[in-house]
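Tertiary structure, described
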Amino acid sequence: MKLCGDKLIEEERRVIANNRDYNEKFQYATNRIKTSKYNVVTFLPINLFEQFQRVANAYFLFLLLLQLIPHISSLSWFTTIVPLVLVLTITAVKDATDDFFRYKSDNQVNNRQSQVLIDGKLQNEKWMNVRVGDVIKLENNQFVAADLLVLSSSEPHGLGYVETAELDGETNLKVRQALTVTSELGTDMCRLAEFDGEIICEPPNNKLDKFTGTLFWKDKKYSLDNEKMLLRGCVLRNTEWCFGMVVFAGPDTKLMQNSGRTKFKRTSIDRLMNTLVLWIFGFLVCMGTILGIGNSIWENEVGFNFRIYLPWDQWMKNAIFSGFLSFWSYIIILNTVVPISLYVSVEVIRLGHSYFINWDRKMFYAPKNTSAEARTTTLNEELGQIEYIFSDKTGTLTQNIMIFNKCSINGKTYGDAYDELGHKTEISQKKLSVDFSFNTLADKKFKFYDASLVEATKLGDPSVHEFFRLLSLCHTVMPEEKNEGELLYQAQSPDEGALVTAARNFGFVFRSRTPETITVNEMGKPVVYQLLAILDFNNVRKRMSVIVRNPEGQIRLYSKGADTILFERLHPSNEALMCTTSDHLSEFAGEGLRTLVLAYKDLDEGYFNKWQKMHHHASTALDNRDEKLSAVYEEIEQDMMLLGATAVEDKLQEGVPDTIANLTLANIKIWVLTGDKEETAVNIGYSCNMLRDDMNEIFVVSGRTVLEVREQIRKARERMGTPVCNGHVFSEKNVTSKLESVIEETVMGDYALIINGHSLAHALEADMEREFLELASMCRTVICCRVTPLQKAQVVELVKMYKKAVTLAIGDGANDVSMIKTAHIGVGISGQEGMQAVLASDYSIGQFRYLQRLMLVHGRWSYLRMCKFLYYFFYKNFAFTLVHFWFGFFCGFSAQTVYDQWFITLYNIVYTSLPVLAMGIFDQDVNEQRSLESTRLYEPGQFNLLFNKREFFICIVQGVYTSIVLFFVPYGAFCDTTRDDGTHLSDYQSFAVTVATSLVIVVSVQIGLDTSYWTAVNHFFIWGSVAVYFSILFAMHSNGLFAIFPSQFPFVGNARNSLIHLTVWLVIIVTTVLCIMPVVAFRFLMVDLKPTLSDKVRYLQRARRKQKPVQHRMRRVNRTSSRRSGYAFAHQEGFGELITSGRNMRFSRPTPVVTGKSMLSSTSWIENLRKKTTDTVSSFGSEKNIKL
């Protein structure tokens, strides 16, 4: 370690097993994790610091300090401190509650039990007490407590199987293997306790797929890599026990290194309000300065005439000092332009919106009894401004369940459902599936709806039997049968598990395997096949084959793989069948199914023996072994006979394509960031209609070096054409440039970008990130594959930084936590991969399809309501406050208030608080159905059109105009007006009551005009507030209160004496009309001449209120075979060699080696067939998909 500033930087890690004293010298992190922000000591200072980052809170604190100075304050200090403390307390309680849940989650994880080897014995210890260098024992289905070096396991050769869903979203099993020298330790506690190996390795980092280190033990050193490590967050599967040595613990583990920090999130409206408060404060200073200067001039020119009976205090020095004090007095009086009740009201409205989300039964997921939850109450309106969605794939878009859906056998398709008349019908939940009761070993969860395939199997159709025999033999699945008949398949990929399960249900049950044999129950009879060779999958071959010998001694090769690969290796006699099968493949692919072609070949003994020698020579070659093996495989995989094709459905969550279509129509860009394989992600892209064959081009960036990636990105941009104007992409967007940006990126065509994790690492470097972002921004769809959790967060941060766009990240696993924390809005799905994503999220939902309702309904309404609330709130307070400004010119700039002090106190708390709250909580421009149908209604939030600096300026102008009318109309009317008895009406108190009454009526009528959705609550609050005003007015001006508190209620009898005169009511009516009529006229003209989309939808809503709404659904695009053979692409290399070597078997014997010879190629007729079926035979590398 070296010291950098005050922090130790670890350059390499040295750990000795079972030696805590030595390891503690390096001060390595313990295994305790902490995702909460506060503790008991730090909560108050940190939370107050965060809250005072709000400019308004600091502003009110400053005003409070001013009000404590009696010489300048005309208002009591408690009028500010009480609401300020209330706001700070409510926010602090909410923050503390949120953080307490994070603390509980941390405690739950930290207190998990782990078996640690201490003093030669296994002892139960909490996870947080595990230390670097400890040897711990894991059992099957247990989570890995820390990053461990595998020492030994229950499986042969120190093998162990882990599920890494928490890290990369994949549920297929990964193999980890201990070093041979440590695997011999077994379960011997004495030897494990004496193990004192030293590991020297890389320092903690976030690279999930890489580990470099060296083990020194018994004067020897052994190389360590990622295959020897078990990472925190993995789950041990199919392995009874495993011992491991802790290398990284707690925050140093790769999972926590990828988690990111909990960030303080604020909405764009919060940030805008901070700016506006600064503007208002500047405006307030200007008004105070004008009035202060006016006071100095007035005192100097006029005021000295009044000092005989209004003498200055002793400390008053001159007119300039008087103006200085008046400046501060007016700052206090005019501070109601931004009352603190604004922030109380904002929090109440947000709380109400959060409860609406929590109570929405249409976002309740019954199968898991999960409702939507707003886990924070401060971000609701941001849901209505999202421009980019970053989504995980596995468990978010998909259920991670593969289903054997259809197949083609010997030119006939199976899988469609038919009624009694033989007509094809839709498959629904009510449809009865095929009865598999004839097969006692069938998987009860398997569903199939075409009874003709079962009948063909029962009747012994040779092609059908051979088809399912191939599926039961050609795979690398590991079976587990703890009880008789209870089979559990551990598949390398979900597709492979689905195919073997299908064969199982149709009577060909894969029961067990050894390195040399495969046992299958065929229609109830056990058959043992001799396994002669596995020709394993790789990304070039795109196929997998097995060679087996049946009990009759016949040798046969079975193969499955991509259609474009296997079709080239078929015998010419298959031409007609291949044409038919190709049509079926196109049909399956058009339905979004993942297809695969099956073929076989009979081998004679002599040919097999010759091929064995070639295979042995290639497998023992020292140079170019992989190339030589591929050539040998190519020799034998020729002139095969076509059996048929399978079609597997990668089961999407319900409603995913429609949700993505609606969100796309709402001008929202969706990027998929997944740790899964490229082909799997691409297939899901097609299933979701994010990728389509009618797209202009699909770019694939897969370079391994910086130069390759840069060149591929530039080639992609050249193919798209030079953008007309893209300088705005990296500048701060105003409304105009934002509109241009969106139009440009949409009009340029339908493009898609697919990039893998290695390439993305280079693309995110400082000198290339802008080029990458510009390319990605011009694509309709972006899919990032094989990305780490940290890379997900980096992509989100890149868009936030340069696009200035509001982002949302959605996921369901621990590998999504980092991007969920980074995005403006984080949404967690209560999925199969634990609750980590939900605990880190701002909102949680049960299914991806609920996202459109969360955004298009709740988010849009929240944004609309908040904007209307802010516009009205600023308007009513400017109208209320600026009357003091005009009055200052007529009262000698003496800081005298226009209104009674009680009216000033109650105006924002009682008279106008509830109506604006009702509008902010309940208002809606159109109903929820129209919100979902008219997706363009979402765009104003993205462009920030409803409340921005321009709208703020307009509302200020309206407020200034209203204040002028409120002051000067009564002032002018009262100059020469008399009462009915001939006495003057123009006393100060009557003027104050008239202006206050006019103000309350005007703002009440105005909010009535602003309300789009009337409820009983709105009516009660608006008109009730007017009634409450008059009730309180007459009560405070009553003789009774004056008799009790004469100094507090000086306006005795004024309301009664003023409001009985018709003149006063005429003034109030004229004032109201002058304030409201311009607004009514302007809005009428705008709706008639330039209606917004919301106006048009409201008109249609009223016109069709009695009609049944029409559902608009996206037309499904039937594609050609771009998604064929997704299984072959998604398969992973290596399991075949593992099986045939016997390293994963408990009882292994030497595996026989096989041979073979080459066959004639048949390409000419293939070329002819390709010309006939150009629309049906294509691959992922077709002209639509440009491999750069």
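The structure displayed is predicted, hence computed values, not measured ones.

What about the overall build of the protein chain?
A count of helices and strands for the protein chain gives 42 helices and 38 strands. A buried classification covers 58% of the 1188 residues belonging to the protein chain. If you take every contact in the protein chain between residues at least 6 apart in sequence, the share linking residues at least 24 apart comes to 75%. Here the protein chain has roughly 50,200 Å² of accessible surface; of this, 57% comes from carbon and sulfur atoms.

Re the pattern of salt bridges
Tallied over the entire structure, the rule returns 47 salt bridges. A salt bridge links K228 to D225; its shortest N-O distance comes to 3.6 Å. On the basis of relative accessible area, D225 is assigned to the partly exposed category, the value being 31%. Among the ionic pairs, E654 bridges to R849, the shortest N-O distance being 3.7 Å. Linking E654 in the loop between β30 (641-652) and α19 (656-665) with R849 in the loop between β37 (843-845) and α28 (850-888), this pair joins segments that are 195 residues apart in sequence. The exposed category is assigned to E654, whose relative accessible area is 53%. The exposure class of R849 is buried, given its relative accessible area of 19%. Among the charged side chains, a salt-bridge network with shared partners connects R541, R543, E568, R569, E634 and E637.

Overview of the sheet that holds strand β18 (residues 398-409)
Here nine strands make up an open sheet; going across it, the order is β19-β18-β30-β29-β28-β27-β26-β25-β24 and the pairing antiparallel. Two strands bound the open sheet, and with one partner strand each, they are β19 (412-414) and β24 (508-513). Neighbour to neighbour, the strand axes of the sheet diverge by 30 degrees on average, direction disregarded. The sheet contact formed by strand β25 (residues 517-522) and strand β26 (residues 525-535) spans six bridges and is antiparallel. Paired with I518 across the bridge in β26 is Y529.

Looking at unusual backbone geometry
Unlike most non-glycine residues, N141 shows phi in positive territory, near 70 degrees. Along the chain, N141 turns up in the loop between β6 (135-139) and β7 (147-153). Since its relative accessible area comes to 47%, N141 is described here as partly exposed. Of note in the backbone geometry, H157 takes a positive phi value of approximately 60 degrees without being a glycine.

Side note on the side chain of T377
In this fold, T377 is placed in the loop between β16 (373-374) and β17 (388-391). Those residues in contact with T377 that sit more than four places away from it in its chain are K94, R350, L351 and S354.

Considering the packing of helix α3 (residues 55-67) against helix α9 (residues 268-301)
Interhelical geometry of α3 versus α9 gives an angle of 35 degrees and a closest axis separation of 8 Å. Of α9, the residues touching α3 (which contributes V55, A56, Y59 and F62) are N274, V277, L278, F281 and L284. Of the residues belonging to the contact of α3 with α9, the class tally is eight nonpolar, one polar and no charged.

A word on the confidence of the model for the protein chain
Taken as a whole, the protein chain shows an average pLDDT of 83; of its residues, 86% reach a score of 70 or greater. Note on residues 1147-1188: pLDDT is under 50 here. Beyond four places in sequence and across chains, it has 112 contacts.

Things to note about the nonpolar core
Ranked by size, the top nonpolar core spans 98 residues in total, and within it V338, L342, L870, F874, Y899 and F903 carry the most contacts. Ranked by the residues each element gives to this core, the list is headed by α28, at 18 residues. Contacts of L870, omitting those with residues within four sequence positions, involve I269, M273, L342, V346 and F947. Ranked by size, the runner-up nonpolar core spans 52 residues in total, among them F446, A498, M544 and Y558.

Let's talk about the packing of aromatic side chains
Enumeration according to the criterion identifies 60 aromatic pairs in this entry. Relative to F281, the ring of F62 lies with its centre 6.2 Å away and its plane at 80 degrees, an arrangement referred to as edge-to-face. Note that F62 is positioned in helix α3 and F281 in helix α9, a separation of 219 residues in sequence. A relative accessible area of 31% means that F62 is categorised as partly exposed. A centroid spacing of 6.3 Å and a plane angle of 70 degrees characterise the contact between F974 and F991, whose relative ring orientation is edge-to-face.

Here we look at the sheet that holds strand β11 (residues 213-217)
With antiparallel pairing, four strands are arranged side by side in an open sheet as β3-β10-β11-β12. At either margin of the open sheet sits one strand with a lone partner, and together these are β3 (13-16) and β12 (220-224). Strand-to-strand twist in this sheet, taken as the mean axis angle between neighbours without regard to direction, amounts to 20 degrees.

Points about helix α18 (residues 625-636)
With twelve residues, α18 ought to run about 16 Å at 1.5 Å a step, and its terminal C-alpha atoms sit 17 Å apart, in line with that. Listed in full, the buried residues belonging to α18 are L629, V632, Y633 and I636. The arc that holds the buried residues of α18, viewed along the axis, is 100 degrees, so those residues lie on one side. Along its buried surface, α18 packs onto β26, β27 (543-549), β28 (555-561), β29 (594-603) and α17 (605-619).

Regarding the side chain of T476
On the secondary structure map, T476 appears in the loop between α13 (462-473) and β22 (478-483). At 3.1 Å, the side chain of T476 and the side chain of E496 are in polar contact.

Details of the environment of M478
Positionally, M478 belongs in strand β22. Counting along the chain gives 13 residues from M478 to A491, while the straight-line C-alpha distance between them is 6.4 Å.

Concerning a nonpolar patch on the surface
Among the surface-exposed residues, I290, F889, F890, I964, F968 and Y971 lie close enough to one another that they form a single nonpolar patch of about 510 Å² accessible area. Broken down by element, the residue count for the nonpolar patch peaks at three residues, all from helix α33 (residues 949-975).

Brief notes about α17
Over its 15 residues, α17 extends 21 Å from the first C-alpha to the last, a length consistent with the 21 Å expected when each residue adds 1.5 Å. Listed as buried for α17 are Y607, F608, W611, H615 and A618. All buried residues of α17 lie within an arc of 90 degrees about the axis, which places them on one face of the element. In this structure, α17 carries K610, K613 and H617 as exposed residues pointing more than 90 degrees from its buried face. Against β26, β27, β28, β29 and α18 lie the buried residues of α17. Two or three places before G606, at the start of α17, stands the capping residue D604, its side-chain oxygen 3.3 Å from that residue's backbone nitrogen.

Focus: the pairing of strand β36 (residues 825-829)
Extensive coverage of β36 is indicated by the burial of five of its five residues. By the alternation rule, side chains of β36 split into I825, V827 and I829 and G826 and G828, which are all buried. Relative to β36, strand β35 (residues 807-811) runs parallel, the two being bridged by four bridges. In the strand pairing of β36, L808 is matched with I825. Considered for its hand, the β-α-β crossover made up of β35, helix α26 (residues 817-822) and β36 is right-handed. By the bridge criterion, three bridges tie β36 to β37 in an arrangement that is parallel.

With respect to the environment of L854
Structurally, L854 can be placed in helix α28. L854 sits 497 residues away from I357 along the chain, and the two C-alpha atoms are 7.5 Å apart. Residue contacts for L854: discarding those within four places in its chain leaves I357, M363, L383, V827, Y843, I845 and G859.

Section: the environment of L557
Considering the arrangement of structural elements, one finds L557 in strand β28. A relative accessible area of 0% places L557 in the buried class. Taking the C-alpha atoms as reference, L557 lies 8.6 Å from M640; in sequence the two are 83 residues apart. Setting aside residues up to four positions removed in sequence, L557 forms contacts with L535, S545, V546, I547, A599, Y600, K601, L603, I636, E637 and M640.

Rules used in this analysis
Residues numbered from 1 in each chain as written. Predicted model: local features only at pLDDT ≥ 70, side-chain atom pairs only at ≥ 80, totals over all residues. Heavy atoms only, no water. Helix = DSSP H or I, 4+ residues; strand = E, 2+ residues; numbered from the N terminus. Buried < 20%, exposed > 50% of the residue type's maximum accessible area, 1.4 Å probe, protein only. Contact = heavy atoms within 4.5 Å. Areas by Shrake-Rupley, 256 points an atom, 1.4 Å probe, with all protein chains shown as cover. Salt bridge = Lys/Arg side-chain N within 4 Å of Asp/Glu carboxyl O. Pairing = 2+ DSSP bridges. Axes fitted to C-alpha atoms, helices over the stretch in contact; angles between N-to-C directions. Nonpolar A, V, L, I, M, F, W, Y, C, P; charged D, E, K, R; others polar. pLDDT = per-residue confidence, 0-100. Core = buried A, V, L, I, M, F, W, Y, C linked by side-chain atoms within 4.5 Å. Phe/Tyr/Trp six-rings, centres within 6.5 Å; stacked < 30°, edge-to-face > 60°. Expected span 1.5 Å × (residues − 1). Arc of directions from axis to C-beta. Polar contact = N/O pair within 3.5 Å; in protein donor to acceptor, adjacent residues only side chain to side chain. Patch = residues over 30% accessible without salt bridge, like charges linked within 9 Å, V, L, I, M, F, W, Y side chains within 5 Å. Right-handed = clockwise from strand over helix to strand, strands pointing away.

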